[in-house]
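Observations on chain architecture
Here is what each chain is made of, one letter per residue.
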Amino acid sequence: MAHDTNASHTALILKVFAFLSLVTIVEVAFGIVKPASLHLTSFLGTSPLNWIFLILTLVKAYGITWYFMHMKEEKKWLRRSVVWTSIFLISYLMILLLIEGSYLHEVLAPYVKWDY
Amino acid sequence: MEATIATKEHHSWDDDKSEGKPLKSSYGKMMMWFFIVSDALTFSGFIIAYGLMRFKFIETWPIADEVFTHIPFVHGNFPMLYVAFMTFVLIASSVTMVLAVDAGHQMKKNKVAWYMFWTILGGAVFVGSQAWEWKTFIQGSYGAIQMNDGKIIQFVDETGHQVTLESFVTSHGGEREQDVRSKGLWFTSESALPEFTVAEVTEAYKKHSELSIRTEKIIAATKSKEILSREASLNYLAEGKQVVKGANLKVNEYGSTLFADFFFFITGFHGFHVFSGIIFNMIIFFNVIIGTYEKRKSYEMVEKVGLYWHFVDLVWVFVFTFFYLV
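Residues numbered from 1 in each chain as written. Chains lettered and ligands numbered in written order. Predicted model: local features only at pLDDT ≥ 70, side-chain atom pairs only at ≥ 80, totals over all residues.

We now examine the overall build of chain A. Within chain A, the regular secondary structure consists of four helices and zero strands. Each helix and strand of chain A, placed in order from N terminus to C terminus, yields the pattern α-α-α-α. The C-alpha atoms of chain A give a radius of gyration of 20 Å, which is well past the 13 Å a tight globule of 116 residues would have. Here the C-alpha coordinates of chain A stretch approximately 70 × 35 × 25 Å along the principal axes. Counting the 116 residues in chain A, one finds 15% classified as buried. (Helix = DSSP H or I, 4+ residues; strand = E, 2+ residues; numbered from the N terminus. Rg over C-alpha atoms; globule rule 2.2 N^0.38 Å. Buried ≥ 20, exposed ≤ 12 C-beta atoms within 10 Å, placed from the backbone.)

Moving on to the domain arrangement of chain A. The assigned domain composition of chain A is domain 1 (1–73) and domain 2 (74–116). Each of domain 1 of chain A and domain 2 of chain A has a C-alpha centre, and these two points are 22 Å apart. (Domains from an automatic or database assignment.)

Structurally, chain B comprises domain 1 (22–140 + 259–325) and domain 2 (144–245). Look at where the C-alpha atoms of domain 1 of chain B and domain 2 of chain B centre, and you get two points 37 Å apart.

Take unusual backbone geometry next. Where the residue is not glycine, phi is negative for most of them; where a peptide bond is considered, it is trans in most cases. Residue A:Leu44 is not a glycine yet carries a positive backbone phi of 50°. Counting through the fold element by element, A:Leu44 comes out in the loop between helix 2 (36–39) and helix 3 (48–68). According to the C-beta neighbour criterion, A:Leu44 is exposed, with 8 such atoms within 10 Å. Backbone geometry places B:Leu23, a non-glycine residue, at a positive phi of 55°. Inspection of the secondary structure puts B:Leu23 in the segment before helix 1 (27–56). With 16 C-beta atoms counted inside 10 Å, the residue B:Leu23 sits in the partly exposed group.

What holds strands together in a sheet is hydrogen bonding between their backbones, with the strands either parallel or antiparallel. Residues and elements named next belong to chain B. Taken in spatial order, the five strands make up an open sheet running 4-3-2-1-5, and their pairing is antiparallel. Only two strands of the sheet have a single neighbouring strand rather than two, namely strand 4 (224–227) and strand 5 (240–244). When strand polarity is set aside, the average angle formed by the axes of neighbouring strands in this sheet is 40°. For strand 1 (residues 144–147) and strand 5, the ladder comprises four bridges, and the chain directions are antiparallel. Across the sheet, the residue bridging to Met-147 is Gly-240, located in strand 5. Along the sheet face, helix 6 (residues 230–238) touches strand 1, strand 2 (152–156), strand 3 (212–219) and strand 5 and points at about 85° away from the line of strand 3. (Pairing = 2+ DSSP bridges. Axes fitted to C-alpha atoms, helices over the stretch in contact; angles between N-to-C directions. Contact = placed C-beta atoms within 7 Å.)

Before going further, it helps to spend a moment on the pairing of strand 3 of chain B. Residue and element names in this part refer to chain B. Where strand 2 lies against strand 3, three bridges are found, and the strand directions are antiparallel. Bridging across to strand 3, Phe-155 finds its partner in Ile-213. For strand 3 and strand 4, the ladder comprises three bridges, and the chain directions are antiparallel. In the strand pairing of strand 4, Ile-218 is matched with Lys-225. Taking the residues that link successive antiparallel strands as the turn, the strand 3-strand 4 hairpin has four residues, and the phi of Lys-223 there is positive, at about 50°.

So this is what it looks like as structure tokens:
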């Protein structure tokens with residue numbers, strides 16, 4: 001009760017719930033149908049379908065953190081110290097290791113035997 | 001002197017009524033955020049390691065839609081649907097949790113208790129579903145053959161759909177008996193032998209001209225696994241080492257063993273978080289019922305445990321994307 005908003009937020013919570021469910025349904029529908037124009041083409045290193053999935057995931061993560069974990073109502077610098085720290089460290093590790101993974105593939109794949 | 005002595009009026013961070021609390025946050029909530037950030041880094045370390053290995057074996061990684069295709073009590077091929085249900089259950093239990101926090105702000109004890117109850121129930125359904133998903137994955141669906149160099153080959157019919165080994169192979173009783181204590185082999189033990197031998201599968205394959213063999217290799221243009229000609233198939237079969245059914249940490253009928261390793265490790269670690277979350281929720285639930293927070297005039301404990309519960313949901317959103325969607 002740090003914030004004196006004792007009014008119920010039920011309506012907002014249900015709206016966020018509806019939104020998150022809708023995003024999940026869209027993801028699952030795309031995952032089942034996999035339209036060839038999105039799935040078999042390439043855009044910035046991966047298929048547009050994968051980009052859609054990644055962006056929708058981040059949207060869902062935002063909804064959960066901001067509205068369910070009440071990040072929206074925390075002080076600005078509490079929010080920033082949590083969000084900026086995590087985003088910086090995770091992107092750092094992710095970029096390095098994914099580049100490394102592609103390199104390993106490039107080096108090793110030619111040596112895998114496929115003719116018997 | 002006074003500055004270094006804990007006086008009676010001022011014991012801790014939370015007793016400070018001067019509104020001078022760092023970031024206007026209670027001590028407990030701040031520490032929960034500390035924990036969540038470090039746990040998020042742990043999870044991202046695991047998921048990124050999965051990404052590294054997936055990029056390393058990008059050409060041969062199993063296609064999730066072909067691995068997780070089952071629904072309880074229903075036969076058939078239904079990719080995505082069950083895991084979508086699990087995701088929905090976890091989001092719904094997050095919603096009841098946040099409603100419990102909201103009811104706590106208004107000091108409505110009964111409402112808090114009921115919403116906590118639904119949250120615990122949702123968590124239990126999720127963990128149960130996860131256990132079922134593991135069981136199905138461990139038991140496997142079609143069976144495959146592992147080659148001497150570790151590659152997996154599977155069997156498909158003319159339409160390109162996988163067929164089970166049982167549907168075309170007949171067993172002649174196997175090469176040997178399983179080593180068990182009751183047969184005097186007290187010094188050794190092994191798990192059940194596969195139902196068929198490689199020789200039996202090869203023999204049956206030669207008789208069924210409608211079958212083909214599918215390798216782990218992904219054809220970039222169609223994003224589907226490569227299907228071999230009949231002649232090439234026999235060369236692959238000649239390299240067969242063992243018959244594989246299901247998945248474990250050593251071998252995986254769906255393809256790369258690393259896929260199974262990471263699946264068990266990451267969903268297992270997440271499932272353990274859900275399990276401990278259920279325990280925390282139950283403790284808080286009983287405290288709500290016996291009126292602890294009513295006497296304390298604050299339901300902040302519900303809020304703290306809620307933060308943890310939402311975090312578990314947040315992690316699942318990412319696990320769902322990287323294991324099932326992308």
